[in-house]
Amino acid sequence: MSEFAQEVIEQIKKYCEDKIQPHIEHDDEEGIFKKEIYQGFGSLGLTGLTLPEKFGGADLDYQTFCPILAAIAGYSVSYSVTLSVSVMAQSIINEFGNEEQKQKYLPELTSGSEIAGFALSESHSGSDAAALKTTAKKVDGGYILNGSKMWITSGGIAKTYIVMARTGEKGAKGISAFIVQDKTQGFSYGKKEKKMGWKVSPTRELLFENCFIPEENLLAQEGKGFNIALAALNRGRVTIGAVALGLADKALETAIKYSLERKQFNQSIFDFQGLQFMMADCATEIEASRYLVREAAKNFDEGKINRKLAAMAKLKATDTAMKVTTDAVQILGGVGYTSEYPTERYMRDAKVLQIVEGTNQIQKVIIGRELKRENT
Ligand SMILES: Cc1cc2nc3c(=O)[nH]c(=O)nc-3n(C[C@H](O)[C@H](O)[C@H](O)COP(=O)(O)OP(=O)(O)OC[C@H]3O[C@@H](n4cnc5c(N)ncnc54)[C@H](O)[C@@H]3O)c2cc1C
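This is a predicted model, so every value here is computed, not measured.

We now examine the overall build of the protein. When its secondary structure is counted, the protein shows 12 helices and 10 strands. Whereas a compact globule of 376 residues would reach a radius of gyration of roughly 21 Å, the protein reaches 21 Å, a difference of no more than 12%. Referenced to the eigenvectors of the C-alpha coordinate spread, the extents of the protein come out at roughly 80 × 50 × 40 Å. When burial is assessed residue by residue, the protein has 53% of its 376 residues classed as buried. Contacts spanning at least 24 positions in sequence make up 72% of the contacts within the protein whose residues lie at least 6 apart. In the structure as shown, the protein presents an accessible area of about 16900 Å², 51% of it carried by carbon and sulfur atoms. Between the averaged position of the 46 positive side-chain charges in the protein and that of its 48 negative side-chain charges there is a distance of 5 Å.

In structure tokens, the structure reads:
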């Protein structure tokens, strides 16, 4: 990691210690998202980190962004994913939008004053996202959207959403991507999900009922929506890997610290080889994940599209986060299961990392497909 990135991470940790740490257990229990905390990330220059300076970003790379997401995830996975998803949506506008769209939508997102969301999933089409049913019917001057999106991260707190809807034939080629903003007539929010983890991050349904979207809100051309979504998810997978890594790091750190202090049978529990082996396995899995996430981020920075590596990074890092957080609860014993220690929250927050941005089974489907392509 560069000296610059290390300095930034120290600043972020201090910010999270001050603003997130003292309230996170309460806010997690109550499901409270504080926009001012996200806006504080903006003041630190994090909310448009990989976006061009011209639009208020910092023009930094994914090798810098990933350790930053990991550092935030050590305090709150919810705030880290809010940032990761918002930057993913911004990257779509930056990569596929025209100059006018970039000028109009990016500055308030890169500055952190507003948040962005990404809306692909629907109730009947999660993994099989190309089967989505929300329609965008061409009319004079724009499109009329009808349908709904499920499980949208930052639903209700984001101002700008990238929404995938069907403008044409069945399947991937009939899907287009639109920029939709809060308070557009015909666009409203449905139920807020009650979740196992990520409780600070709202997950909500988006509803479209005869919602008129002007044609200047179409991204790229009609029929490009699914490719846009896949390109974004490719990046999103690496950043979710980074979030998982930060969580796993923190869980192991908590387990090691506790096990060095806790005594049973007149010795610190760290010295029981049974526990040491668990921690050795966790540390090894974490380092393996770190290499994969770093390598996948480096690929993006070099302009390469490596779907296999991005899928491997997401798969490995999120499975590792699940294993390490589960083991951390075990190492802490009874208190690990209670909210006296954060390990139970870590474990709850880890689970959904194996589900979002393509479940880990879907990552294996992608890896398998690439293996076949490389060998036939
Ligand atoms: C907290 C949270 C936040 C989310 N945020 C967003 C968001 O911001 N934007 C968004 O668009 N979506 C979001 N999602 C949706 C998420 O991407 C989907 O839940 C995910 O893609 C899985 O879809 P599904 O839930 O319909 O599961 P399904 O697709 O029904 O899968 C169910 C099970 O079947 C397995 N399966 C499915 N297909 C295959 C296959 N081909 N081979 C092997 N196994 C398979 C899956 O791995 C899984 O185990 C979010 C979800 C949650 C829970």
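In terms of residue burial, strand S5 (residues 175-181) counts as a mostly covered element, since seven of its seven residues are buried. Here S5 shows no split at all, with Ile175, Ala177, Ile179 and Gln181 on one side and Ser176, Phe178 and Val180 on the other all buried. Inspection of the sheet shows strand S4 (residues 160-166) paired to S5 by seven bridges, in the antiparallel sense. For Ile162, the partnering residue across the bridge sits in S5 and is Ile179. Bridging between S5 and strand S8 (residues 218-219) involves two bridges; their strand directions are antiparallel. The partner of Phe178 across the bridge, within S8, is Leu218.

Another point: the packing of aromatic side chains. Using the criterion set out here, one finds 13 aromatic pairs in the structure. An angle of 70° between the planes, with centres 6.2 Å apart, marks the rings of Tyr38 and Phe41 as edge-to-face. Residue Tyr38 and its partner Phe41 are located together in helix H3 (residues 35-43), separated by three residues, close to a single helical turn. With a relative accessible area of 0%, Tyr38 lands in the buried category.

In the neighbourhood of the ligand, 20 residues make up the surrounding shell, with Phe118, Ser121, Ser127, Thr359 and Gln361 lying closest. In this structure, Thr359 approaches the ligand through a side-chain N or O atom, which is 2.6 Å from an oxygen atom. Between the ligand and the protein, one listed contact pairs an oxygen atom with a side-chain N or O atom of Gln361 at 2.7 Å. Protein coverage of the free-state accessible area of the ligand, which is 960 Å², stands at 65%.

Once that is clear, we can look at the side chain of Ser86. As for its position among the elements, Ser86 is in helix H5 (residues 77-96). Relative accessible area serves as the criterion here: at 0%, Ser86 is assigned to the buried category. When residues no more than four places from it in sequence are discounted, the contact partners of Ser86 are Tyr38, Ile115 and Ala116.

What follows covers the domain arrangement of the protein. Each assigned domain of the protein is listed with its residue range as follows: domain 1 (3-114), domain 2 (117-223) and domain 3 (227-375). Here the C-alpha centre of domain 2 lies 23 Å away from the C-alpha centre of domain 1. Together domain 1 and domain 2 conceal approximately 2000 Å² of surface at their shared face, both sides included; 68% is due to carbon and sulfur atoms. Ionic pairing is found between Glu108 and Lys159, a salt bridge with its closest N-O pair at 3.2 Å. Linking domain 1 with domain 2 are seven residue pairs in polar contact (both at pLDDT 80 or more), by the criterion used here. Counting residues per element, the side of domain 1 that touches domain 2 draws most heavily on H5, at 11 residues. Partitioning the side of domain 1 that touches domain 2 into residue classes produces 14 nonpolar, five polar and four charged.

Let us look at the nonpolar core. With 109 residues, the main nonpolar core has Phe41, Leu46, Ile72, Phe118, Leu145, Ile162 and Met164 as its most contacted residues. With 17 residues, helix H7 (residues 225-261) is the single largest residue contributor to this core.

Mapping Val85 onto the fold places it in helix H5. C-alpha of Val85 to C-alpha of Ala232: the two residues are 147 residues apart in sequence and 9.7 Å apart in space. Setting aside residues up to four positions removed in sequence, Val85 forms contacts with Ala116, Gly117, Phe118, Thr153 and Glu357.

This paragraph deals with the packing of helix H4 (residues 62-73) against H7. Packed helices, taken two at a time, are described by their axes: the angle between them and the distance between them. Between H4 and H7, the least distance of the axes is 7 Å, while the angle of their chain directions is 40°. As judged from the angle between their axes, H4 and H7 are oblique. H4 and H7 meet at a crossing whose hand is right-handed. Judged by residue contacts, Tyr62, Phe65, Cys66, Leu69, Ala70 and Ala73 of H4 engage Arg235, Val238, Thr239, Ala242, Val243, Gly246 and Leu247 from H7. In terms of residue class, the contact of H4 with H7 is built from 10 nonpolar, two polar and one charged.

Cut-offs used in this document
Residues numbered from 1 in each chain as written. Predicted model: local features only at pLDDT ≥ 70, side-chain atom pairs only at ≥ 80, totals over all residues. Heavy atoms only, no water. Helix = DSSP H or I, 4+ residues; strand = E, 2+ residues; numbered from the N terminus. Rg over C-alpha atoms; globule rule 2.2 N^0.38 Å. Buried < 20%, exposed > 50% of the residue type's maximum accessible area, 1.4 Å probe, protein only. Contact = heavy atoms within 4.5 Å. Areas by Shrake-Rupley, 256 points an atom, 1.4 Å probe, with all protein chains shown as cover. Lys, Arg positive; Asp, Glu negative; His and termini not counted. Charge placed at Lys NZ, Arg CZ, Asp CG, Glu CD. Pairing = 2+ DSSP bridges. Phe/Tyr/Trp six-rings, centres within 6.5 Å; stacked < 30°, edge-to-face > 60°. Near = heavy atom within 4 Å. Polar contact = N/O pair within 3.5 Å; in protein donor to acceptor, adjacent residues only side chain to side chain. Domains from an automatic or database assignment. Buried area = accessible area lost by both parts, 1.4 Å probe. Salt bridge = Lys/Arg side-chain N within 4 Å of Asp/Glu carboxyl O. Nonpolar A, V, L, I, M, F, W, Y, C, P; charged D, E, K, R; others polar. Core = buried A, V, L, I, M, F, W, Y, C linked by side-chain atoms within 4.5 Å. Axes fitted to C-alpha atoms, helices over the stretch in contact; angles between N-to-C directions. Parallel < 35°, antiparallel > 145°, perpendicular 65-115°, else oblique. Left-handed = near helix turned anticlockwise from the far one by under 90°.

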